[in-house]
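Breakdown of the fold
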Amino acid sequence: GELMGGEPDGEGKEMLPNGDVFTGEFLNGKRHGKGRLETASGEVYDGDWAEGKPTGRGSCKWSDGSSYQGELKEGEAHGAGLYVAFNGNKILGSFEGGQSNGSGRGARKYPNGD
């Protein structure tokens, strides 16, 4: 990627010692703009970044099979989104600080498929 003043700036790829890989945009050495982070443990975030944190719209997939798609603020679900648990249960609604704020609709999936 590009460097400005010794810091990543523009499009680039960051390979961390723990095995995590970020591919996307940087501004003044921080992840900023569009980008994708793939962790060594199999988790993936793909979306908007601001000041080094997932902020804006994006999608998260965790190693247990659960996922979130929607709005984020400083790395947490914040705003409109859809969370799907590893067992298929869903929450569609509004989130704040990483938690459903109770204004969403849920759909529970039972082991027998009902």
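Calculation rules
- Position labels on residues start from 1 in each chain and follow its written sequence.
- Side-chain atom pairs in this predicted model are given and counted only at pLDDT of 80 or more, local residue features only at pLDDT of at least 70, and totals for whole chains, interfaces and linings cover all residues.
- Water and hydrogen atoms play no part in the side-chain values, which are based on all heavy atoms of the structure.
- By convention, a stacked pair of Phe, Tyr or Trp rings (six-membered ring in the case of Trp) has centres within 6.5 Å and planes under 30 degrees apart, an edge-to-face pair has planes over 60 apart, and any other such pair is tilted.
- Secondary structure elements follow DSSP: runs of H or I of four or more residues count as helices, runs of E of two or more count as strands, with numbering from the N terminus.
- Here the term buried applies to any residue with accessible area under 20% of the maximum for its type, exposed to any over 50%, and partly exposed to those in between, with areas from a 1.4 Å probe on protein chains only.
- Each salt bridge in this description consists of a side-chain nitrogen of Lys or Arg and a carboxyl oxygen of Asp or Glu lying within 4 Å of one another.
- In these notes, a set of buried Ala, Val, Leu, Ile, Met, Phe, Trp, Tyr and Cys residues joined through side-chain atoms within 4.5 Å is what counts as a nonpolar core.
- Pairs of residues are marked as contacts when any of their non-hydrogen atoms sit within 4.5 Å.
- Per residue, pLDDT captures the predictor's confidence, and it can take any value from 0 to 100.

**Some thoughts on the packing of aromatic side chains**
- One pass over the full model with this rule turns up 5 aromatic pairs.
- What links up through ring pairs into an aromatic cluster is the set Phe-22, Phe-26, Tyr-45 and Trp-49.

**What to know about unusual backbone geometry**
- Here the phi dihedral of Asn-28 falls at roughly 55 degrees; this positive angle occurs in a residue that is not glycine.
- Tracing the backbone shows Asn-28 in the loop between β4 (21–27) and β5 (30–38).
- On the basis of relative accessibility, which here comes to 56%, the residue Asn-28 falls in the exposed class.
- Not every positive phi belongs to a glycine, and Glu-51 is a case in point at roughly 55 degrees.

**Some thoughts on the pattern of salt bridges**
- Tallying each qualifying case throughout the model produces 5 salt bridges.
- Residue Glu-14 is joined to Arg-31 by a salt bridge in which the shortest nitrogen-to-oxygen separation is 2.9 Å. Taken together, the residues span a long stretch of sequence, with Glu-14 in strand β3 (residues 10–15) and Arg-31 in strand β5 at a distance of 17 residues.
- Notably, a salt bridge pairs Asp-48 with Lys-34, separated by 2.5 Å at the nearest N-O pair. In this pair, Asp-48 is assigned in strand β6 (residues 44–50) and Lys-34 in strand β5, connecting sequence segments 14 residues apart.
- The class for Lys-34 is exposed, based on a relative accessible area of 52%.

**Concerning the nonpolar core**
- Counting residues in each nonpolar core, the largest one holds 10 residues, listed as Phe-22, Phe-26, Leu-37, Tyr-45, Trp-49, Cys-60, Tyr-68, Leu-72, Ala-77 and Phe-95.
- Of all elements in the fold, only β4, β6 and β8 (67–73) reach the threshold of two or more residues within this core.
- Setting aside residues no more than four positions away along its own chain, Leu-72 makes contact with Tyr-45, Pro-54, Thr-55, Gly-56, Arg-57, Gly-58, Cys-60, Ala-77 and His-78.

**With respect to the confidence of the model for the protein chain**
- Averaged over all residues, the pLDDT of the protein chain is 86; the fraction at 70 or higher stands at 85%.
- Overall, residues 107–114 carries pLDDT values under 50, and its contacts beyond four positions in sequence, including any with other chains, amount to 9 contacts.

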